[in-house]
Amino acid sequence: AQKITQTQPGMFVQEKEAVTLDCTYDTSDPSYGLFWYKQPSSGEMIFLIYQGSYDQQNATEGRYSLNFQKARKSANLVISASQLGDSAMYFCAIRRRDDKIIFGKGTRLHILP
Amino acid sequence: SAVISQKPSRDICQRGTSLTIQCQVDSQVTMMFWYRQQPGQSLTLIATANQGSEATYESGFVIDKFPISRPNLTFSTLTVSNLSPEDSSIYLCSVDRPNYGYTFGSGTRLTVV
C-alpha cells in the first residue's frame, strides 16, 4: 500500500528565507507520481508541482522546486524567497496504481514578517 | 485546466438531516472524486464517481451514508445523510488531470449542530 509521511507538523520561517518541507513515501509500484498542494485558510486546494518517478530532472515551477531522491524515497518541496502569502498548509501526495491520490498529514507553514 | 464549481460553499445543518453537495465541471471527465477533510486533518478519499455505473467507495465509507450520483460526464452530487456532529468537515470534489494530479472544487464547509 502507498503511504506518505510528513514529519513536520508546523514550521516557522522568516520572510525571504528558503523553506524545505519534508516528504517521504512508500510504494511498491515501479511507476508513480508525487505531488505537492497548498491549502490556504480559505480551504481551497492549489496544485503546486508534480514529479514523475521516471523523470530524470527535479521538477521546478517558479519559486517551487521538488528535491526528488528516488533511492531514499524522498520528495521534499523547496520554496525559495518565501513570502507572507506562502503561509498555509502544504500536503504531499502520491498517485496510487488505480490513479487515485493519497495525501500525507500536511505541514503548516508560518512565514514571519 | 478544468474548472470546478462546487456548491454550497458552506452550510449549517441539524443532526439527523442530509446535505447534498453539487460539483459541476467545465469539461467532460471520466472520473470525479469526493474527499472529506475533518478539522485539522488531511484529505481522505470517500469514493470515486463514475458516469453510468455505481460509485466505488473506499474502506470505511458506505453508500447508505454517502450516496453519490453521476448523471453525466460533467456533474456529480454527494449526499451526506443522517448527519451527526462527527460529519462536520470540509467536503471537496476533484477531477483527474493526467500527469498533474487533481484539480479541486472550492470545498463545502459543513457544520452539524
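Residues numbered from 1 in each chain as written. Chains lettered and ligands numbered in written order. Predicted model: local features only at pLDDT ≥ 70, side-chain atom pairs only at ≥ 80, totals over all residues. Heavy atoms only, no water.

Draft legend 1. Region of interest: the interface of chain B and chain A. With 21 residues of chain B in contact, the opposing surface of chain A contributes 19 residues. Linking chain B to chain A there are 3 salt bridges. In this structure, Asp-96 of chain B and Arg-95 of chain A form a salt bridge, with 3.2 Å as the shortest nitrogen-oxygen distance. Inspection of the chain B/chain A interface yields 9 residue pairs in polar contact (both at pLDDT 80 or more). When residues of the side of chain B that touches chain A are traced back to their parent elements, those giving at least two are β4 (31–37), β5 (43–50), β9 (89–97) and β10 (101–104) of chain B. Partitioning the side of chain B that touches chain A into residue classes produces 9 nonpolar, 8 polar and 4 charged. (Contact = heavy atoms within 4.5 Å. Salt bridge = Lys/Arg side-chain N within 4 Å of Asp/Glu carboxyl O. Polar contact = N/O pair within 3.5 Å; in protein donor to acceptor, adjacent residues only side chain to side chain. Helix = DSSP H or I, 4+ residues; strand = E, 2+ residues; numbered from the N terminus. Nonpolar A, V, L, I, M, F, W, Y, C, P; charged D, E, K, R; others polar.)

Draft legend 2. Representation of the packing of aromatic side chains within the structure. Counted by the stated rule, this structure contains 14 aromatic pairs over all chains. Considering the side-chain rings of Phe-35 of chain A and Tyr-37 of chain A, the 6.5 Å spacing of their centres and the 35° angle between planes classify their relative orientation as tilted. Plain terms: the ring middles of Phe-61 of chain B and Phe-66 of chain B are 5.5 Å apart, the flat faces sit at 65° to each other, and that makes the pair edge-to-face. Each member of the pair Phe-61 of chain B and Phe-66 of chain B is classed as buried. What links up through ring pairs into an aromatic cluster is the set Phe-35, Tyr-37, Phe-47, Tyr-50, Phe-91 and Phe-103 of chain A together with Phe-33, Tyr-35, Tyr-102 and Phe-104 of chain B. Across from the ring centre of Tyr-64 of chain A, 5.7 Å away, lies the NZ or CZ of Arg-63 of chain A, which sits over that ring. (Phe/Tyr/Trp six-rings, centres within 6.5 Å; stacked < 30°, edge-to-face > 60°. Buried < 20%, exposed > 50% of the residue type's maximum accessible area, 1.4 Å probe, protein only. Lys NZ or Arg CZ within 6 Å of the ring centre and 35° of its normal.)

Draft legend 3. Quick peek at the nonpolar core. One finds Trp-36, Leu-77 and Tyr-90 of chain A to be the most contacted residues of the largest nonpolar core, which totals 25 residues. For this core, the elements supplying multiple residues, two or more each, are β2 (10–14), β3 (19–21), β5 (33–39), β6 (46–52), β8 (64–69), β9 (74–79), β10 (88–95) and β12 (107–112) of chain A. In terms of residue count, β10 of chain A provides more of this core than any other element does, 4 residues in total. Leave out the neighbours within four places in its chain, and Tyr-90 of chain A touches Gln-6, Leu-21, Trp-36, Tyr-37, Lys-38, Leu-48, Leu-77, Ile-79, Gly-106, Thr-107 and Leu-109 of chain A. Listed in part, the 24 residues of the second largest apolar core include Ile-4, Cys-23, Val-25 and Val-29 of chain B. (Core = buried A, V, L, I, M, F, W, Y, C linked by side-chain atoms within 4.5 Å.)

Draft legend 4. The arrangement of the environment of Pro-8 of chain B in detail. Residue and element names in this part refer to chain B. Among the secondary structure elements, Pro-8 is positioned in the loop between β1 (4–7) and β2 (10–13). In this structure Pro-8 comes out as partly exposed when scored by relative accessible area, which is 23%. Pro-8 sits 20 residues away from Gln-28 along the chain, and the two C-alpha atoms are 21 Å apart. Excluding its chain neighbours within four sequence positions, the residues that come into contact with Pro-8 are Leu-19, Thr-20, Ile-21, Gly-107 and Thr-108.

Draft legend 5. Representation of the layout of surface pockets within the structure. The calculated volume of the largest pocket comes to roughly 400 Å³. What lines the largest pocket is a set of 22 residues, among which Gln-39 and Arg-108 of chain A together with Gln-37, Pro-39 and Gly-40 of chain B lie closest to the centre. Counting only elements with at least two residues in the lining of the largest pocket, the list comes to β10 of chain A together with β9 and β11 (108–112) of chain B. Here the lining of the largest pocket gets 3 residues from one element, more than from any other, and that element is β11 of chain B. (1 Å grid on protein atoms, 1.4 Å probe; cavity = no way out; pocket = protein on both sides within 12 Å on 5 of 7 lines; lining within 4 Å. Points joined across faces, edges and corners; volume = space filled by probe spheres on them.)

Draft legend 6. Fine view of the state of the cysteines. For the coordinates displayed, the defined rule picks out 2 disulfides over all chains. Here Cys-23 of chain A pairs with Cys-92 of chain A through a disulfide, and the sulfurs are 2.0 Å apart. Its S-S torsion of about -65° marks the bond between Cys-23 of chain A and Cys-92 of chain A as left-handed, since a negative value means left-handed. One end of the pair, Cys-23 of chain A, is in the loop between β3 and β4 (24–26); the other, Cys-92 of chain A, is in strand β10, with 69 residues separating them in the sequence. By relative accessible area, Cys-92 of chain A is classed as buried at 0%. Between the sulfur atoms of Cys-23 of chain B and its disulfide partner Cys-93 of chain B the distance amounts to 1.7 Å. (Disulfide = S-S within 2.5 Å.)

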